[in-house]
Amino acid sequence: MKFWENRKIAAVVLAVCVLSSVVELGGGSLVRSRASALEVFEEGSDPSLSVRFSMDAYLENCAGYARTMAEEFRLRVDSEDANAARTLELADIAGGDGDIDARYAAYAELCAAVESLYTNFYAAGISEEDAVSFRGAYLNFQGEVNKIEYDDYRAMARAYNRSLEGFPASIVAGLFGLGELNPF
């Protein structure tokens, strides 16, 4: 009888050990993976460089160029334009320090607003001399958009999100309160 009781206790202890290792090791791995991706978002792949090459920096730069375009539009075309005002609002959100999801939503809308500004600016027949700052800001904005498309954060966020799809990772992520990352 004692033999079977000991075996049951051993089985229970084994099950507890297996579950705790899955939760602790898996959860720790997910937490590290998420933290690593967020660090790359903020600091870039190589934080030892004097210039930050990160999603955060690219979004800040996009916001700055969009502001320049909106101000040039207001100066040269229409000082009361609603799209220019909305572009300034979106630039503040996309270039700010808020939630990544909110920044992404603002960035996506900002890209459309910038394209609209560009179309309306040149439809207004502005001379080439008066369009120098606007055109330069637009080209720089597009350069930052291209950098966002190829940043390491995107691949890291997608890999992290894929790791959440399987079992038991989805359960462990729920226990630790880890959600998906926005891959931009």
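Up top is the structure these notes are about.
This is a predicted model, so every value here is computed, not measured.

Taking 1.5 Å per residue, 22 residues should reach 32 Å; helix H2 (residues 55-76) reaches 31 Å between its end C-alpha atoms and fits that length. Among all positions in H2, only Met55, Asp56, Ala57, Tyr58, Leu59, Cys62, Ala63, Ala66, Met69, Ala70, Glu72 and Phe73 are buried.

Moving on, we get to the environment of alanine 124. Within the fold, alanine 124 resides in the loop between helix H4 (100-123) and helix H5 (132-149). On the accessibility criterion, alanine 124 (42% relative accessible area) is partly exposed. Here the alpha-carbon distance between alanine 124 and phenylalanine 73, two residues 51 residues apart in the chain, equals 9.9 Å.

Considering all chains together, one arrives at 11 salt bridges under this definition. Between glutamate 89 and arginine 86 there is a salt bridge; the shortest N-O distance is 3.0 Å. In this pair, glutamate 89 and arginine 86 both sit in helix H3 (residues 82-94), 3 residues apart, roughly one turn of the helix. Judged by relative accessible area, arginine 86 falls into the partly exposed class, the value being 31%. For glutamate 109, the salt bridge goes to arginine 86, with nearest N and O atoms at 3.0 Å. Of this pair, glutamate 109 sits in helix H4 while arginine 86 sits in helix H3, and the two are 23 residues apart along the sequence. Classification of glutamate 109 by relative accessible area gives partly exposed; the value is 38%.

Basis of the calculations
- Residues numbered from 1 in each chain as written.
- Predicted model: local features only at pLDDT ≥ 70, side-chain atom pairs only at ≥ 80, totals over all residues.
- Heavy atoms only, no water.
- Helix = DSSP H or I, 4+ residues; strand = E, 2+ residues; numbered from the N terminus.
- Expected span 1.5 Å × (residues − 1).
- Buried < 20%, exposed > 50% of the residue type's maximum accessible area, 1.4 Å probe, protein only.
- Salt bridge = Lys/Arg side-chain N within 4 Å of Asp/Glu carboxyl O.

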